[in-house]
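Listed below, chain by chain, are the residues.
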Amino acid sequence: MKTILITGFDPFGGEPINPAWEAVKTMDGYTDGDYKVVTQMVPTVRYTSVDTVKEAAQKCEPDFILCVGQAGGRPDITVERVAINCDDFRIPDNAGNQPEDEPIVVDGPSAYFATLPIKNIVNALHQNGIPAKVSNTAGTFVCNHLMYGVCHYAAQKGNIKAGFMHIPYLPSQVVDKPNQPSMAVETVRATLETIVHVLAHGESYKAQDINYTTPHE
């Protein structure tokens, strides 16, 4: 079978959980067509995050890599278009790193664009009743760092397509955060299933082919 590697970050910024990993870990071993999902938790640490994904990719040799992170305050699924070659952390990462205006890869390209079919993904999510949009900024924290680093790795390998998406808080995280949007882990799980379907069926895919409902049961 072919492989889709999906990663999710560990908790950061004082949060007890990270919705990215809470959803991603449920997908391990999931299959669609000729594709099987392999999952990997990623530390919210500057260079270690990229190294962790590279090590996982070397083991499972994926055709696609989808990295998932939390964007508290965003109300919907945001599929990232671009990662920039800049680390400018507003808070320290989980190892205490807080770089300011530093390149991720010295002399690397200014940016990498996702090579996943981001608009097809958003359209499919809309067809499946899930709020989503293309985002043109992955920020300058570890999420952007990971997207840039993984896209850099994929470009070097030449046979991997890669991208990143942000998800909202889980409902349990906003109990003490008035007026902050959230999304149930079941909906994020359905999001991941939808994306796997798009990637697995490629050129033959059409949004109306998706026939399961949200939330996934």
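Residues numbered from 1 in each chain as written. Predicted model: local features only at pLDDT ≥ 70, side-chain atom pairs only at ≥ 80, totals over all residues. Heavy atoms only, no water.

K.L.:
Just checking my understanding: could you explain the side chain of Asp-76 for this structure?
P.N.:
One can find Asp-76 in the loop between β4 (64-70) and β5 (77-80). Salt bridges are absent for the buried Asp-76, whose nearest opposite-charge side chain, Lys-133, sits at 4.4 Å. The residues touching Asp-76, leaving out its near neighbours within four places in the chain, are Pro-131, Ala-132, Lys-133, His-166, Pro-168 and Met-183. (Helix = DSSP H or I, 4+ residues; strand = E, 2+ residues; numbered from the N terminus. Buried < 20%, exposed > 50% of the residue type's maximum accessible area, 1.4 Å probe, protein only. Lys, Arg positive; Asp, Glu negative; His and termini not counted. Salt bridge = Lys/Arg side-chain N within 4 Å of Asp/Glu carboxyl O. Contact = heavy atoms within 4.5 Å.)

K.L.:
Mind showing me how you'd approach the UniProt feature "active site" (unreviewed entry) in the protein chain here?
P.N.:
UniProt records the feature "active site" (unreviewed entry) at Glu-80, Cys-143 and His-166, using the numbering of this structure. The named residues occupy 87 residues along the chain; their greatest pairwise C-alpha distance, 10.2 Å, places them in one compact cluster. Relative to the helices and strands, Glu-80 is located in strand β5. What Glu-80 contacts, discounting residues up to four positions off in sequence, is Arg-74, Ala-114, Ile-118, Ser-135, Asn-136, Thr-137, Ala-138, Met-147, Phe-164, Met-165 and His-166. In this structure the side chain of Glu-80 is engaged in a polar contact, spanning 2.8 Å, whose partner is the side chain of Arg-74. Along the chain, the position of Cys-143 falls in helix α4 (residues 142-157). Residue Cys-143 is classed as buried on the basis of its relative accessible area, which comes to 8%. Not counting the four nearest positions on each side in its chain, Cys-143 is found in contact with Phe-9, Gly-69, Gln-70, Ala-138, Phe-164 and His-166. (UniProt positions renumbered as here; feature names shortened; annotations may be inferred. Polar contact = N/O pair within 3.5 Å; in protein donor to acceptor, adjacent residues only side chain to side chain.)

K.L.:
Just checking my understanding: could you explain helix α5 (residues 185-201) for this structure?
P.N.:
Helical geometry: 3.6 residues make up each α-helical turn, so side chains three or four residues apart lie on a common side. The terminal C-alpha atoms of α5 lie 24 Å apart, and with 17 residues this matches the ideal 24 Å at 1.5 Å per residue to within 8%. The buried fraction of α5 amounts to 14 of the 17 residues, a majority that puts the element mostly inside the structure. Phi turns positive, to about 50°, at Gly-202, one or two residues after α5. (Expected span 1.5 Å × (residues − 1).)

K.L.:
Would you mind going over the packing of helix α2 (residues 46-60) against α4 with me for this structure?
P.N.:
How two helices sit against one another is set out by the angle between their axes and by the gap between those axes. Interhelical geometry of α2 versus α4 gives an angle of 40° and a closest axis separation of 9 Å. On the basis of their axis angle, the class for α2 and α4 is oblique. As for the relative orientation of α2 and α4, their crossing is right-handed in sense. Contacts between α2 and α4 involve Arg-46, Tyr-47, Ser-49, Val-50, Val-53, Lys-54, Ala-57 and Gln-58 on the former and, on the latter, Val-142, His-145, Leu-146, Gly-149, Val-150 and Tyr-153. The residue inventory of the contact of α2 with α4, partitioned by class, reads eight nonpolar, four polar and two charged. (Axes fitted to C-alpha atoms, helices over the stretch in contact; angles between N-to-C directions. Parallel < 35°, antiparallel > 145°, perpendicular 65-115°, else oblique. Left-handed = near helix turned anticlockwise from the far one by under 90°. Nonpolar A, V, L, I, M, F, W, Y, C, P; charged D, E, K, R; others polar.)

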